[in-house]
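# Structure assessment
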Amino acid sequence: EMVGFITDELKNAGNNYFYKSRLCVVLGEIIKITGLNEDIIDYIYSEVRSLKDISECYVSPTKKTYLRVLIEALAKSRDERLEDIFIEALDLDCIRNKQFVITSIGKVGQSVDAFNVVYNYMDDTGDERPEVFWALGKIGSREKQSPLDISEIEDVTDYLVDVVKNGCDAYVLSPYNALY
């Protein structure tokens, strides 16, 4: 009931992004227990898709904060149905800081596709590298309900083991997060 109420409030709050952000914080705590319903999944798809062709300069800082809080809150559910929409969010021009999206993909990612999308940020010169290592470790983790077949990510795991072995990363401890 509460998830439905919050979803309705999010839909009806218009441009009050501060209020929406606060609702998302509460939602994130609730869905860790209750899980997600289709309404909230449809809602985030529509929110992300509404920003698809909008450049960063046309999105207000409060809306960017709201989108970050929404994605982080929903990632707490660890619901694999969010994987595709988080991957879409990673491509949004209006999101310059990709760390929170990469971390969120790590929480919900279950596929080789998600693993590869995150891995593509490994060579990026941005500040995402620690989050990339963490997300790769989570997506490829044996603790997942449906772990990835190691043969599908073997090339990457060999590289990660080499990075850890050689300690050649600028973020000294971050590679260790990739190996669970």
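Our subject is the structure that appears above.
Read on for an overview of the structure.

Helix and strand content of the protein chain: nine helices and zero strands. Order of helices (α) and strands (β) in the protein chain, N terminus to C terminus: α-α-α-α-α-α-α-α-α. A burial count over the protein chain gives 48% of its 180 residues as buried. Within the protein chain, counting contacts between residues at least 6 apart in sequence, those at least 24 apart form 69% of the total. Carbon together with sulfur atoms contributes 49% to the accessible area of the protein chain, which is approximately 9400 Å² in total.

What follows concerns the packing of helix H2 (residues 17-34) against helix H4 (residues 61-75). Following both chains from N to C, one finds H2 and H4 inclined at 5°, their axes separated by 8 Å at the closest point. Between H2 and H4, the interaxial angle falls into the category roughly parallel. Residues Tyr 17, Lys 20, Ser 21, Cys 24, Val 25, Leu 27, Gly 28 and Ile 31 of H2 form the contact with H4, whose own contacting residues are Thr 62, Lys 63, Thr 65, Tyr 66, Val 69, Leu 70, Ala 73 and Leu 74.

Here we take up the side chain of Gln 110. Relative to the helices and strands, Gln 110 resides in the loop between helix H6 (99-108) and helix H7 (112-119). With residues near it in sequence (within four places) discarded, Gln 110 still touches Glu 80, Glu 83, Lys 144, Ser 146 and Leu 148.

With that settled, consider the side chain of Gln 99. For Gln 99, the position within the fold is in helix H6. Judged by its relative accessible area of 17%, Gln 99 falls in the buried class. With sequence-adjacent residues up to four places away left out, Gln 99 is seen in contact with Asp 127, Glu 128 and Glu 131.

Ranked by internal contacts, the top residues of the largest apolar core, which has 57 residues, are Leu 10, Ile 44, Leu 74, Leu 82, Phe 86 and Ile 105. Here this core gets eight residues from one element, more than from any other, and that element is H4. Once residues lying within four places of it in the same chain are set aside, the contact partners of Ile 105 are Phe 86, Ile 87, Leu 90, Ala 114, Val 118 and Ile 139.

Moving on, we get to unusual backbone geometry. The phi dihedral of Arg 78 falls on the positive side, at around 60°, and the residue is not glycine. Along the polypeptide, Arg 78 turns up in the loop between H4 and helix H5 (83-90). Here Arg 78 falls in the partly exposed class, since its relative accessible area comes to 48%.

In contact at an axis separation of 12 Å, helix H3 (residues 38-49) and H4 are set at 145° when each is read in the N-to-C sense. Remark: the crossing between H3 and H4 carries left-handed chirality. In this structure, H3 contributes Ile 40, Tyr 43, Ile 44, Glu 47 and Val 48 to the contact, and H4 contributes Tyr 66, Leu 67, Leu 70, Ile 71 and Leu 74. When grouped by side-chain class, the residues that make up the contact of H3 with H4 number nine nonpolar, no polar and one charged.

Attention now goes to helix H1 (residues 2-12). Among the residues making up H1, those that are buried are Val 3, Ile 6, Thr 7 and Leu 10. Viewed along the axis of H1, the buried residues span an arc of 100°, placing them on a single side of the element. On the buried face of H1, the contacting elements are H2, H3 and H4. In the stretch just after H1, Gly 14 is the one whose phi turns positive, near 60°.

Procedures and definitions
- Residues numbered from 1 in each chain as written.
- Predicted model: local features only at pLDDT ≥ 70, side-chain atom pairs only at ≥ 80, totals over all residues.
- Heavy atoms only, no water.
- Helix = DSSP H or I, 4+ residues; strand = E, 2+ residues; numbered from the N terminus.
- Buried < 20%, exposed > 50% of the residue type's maximum accessible area, 1.4 Å probe, protein only.
- Contact = heavy atoms within 4.5 Å.
- Areas by Shrake-Rupley, 256 points an atom, 1.4 Å probe, with all protein chains shown as cover.
- Axes fitted to C-alpha atoms, helices over the stretch in contact; angles between N-to-C directions.
- Parallel < 35°, antiparallel > 145°, perpendicular 65-115°, else oblique.
- Core = buried A, V, L, I, M, F, W, Y, C linked by side-chain atoms within 4.5 Å.
- Left-handed = near helix turned anticlockwise from the far one by under 90°.
- Nonpolar A, V, L, I, M, F, W, Y, C, P; charged D, E, K, R; others polar.
- Arc of directions from axis to C-beta.

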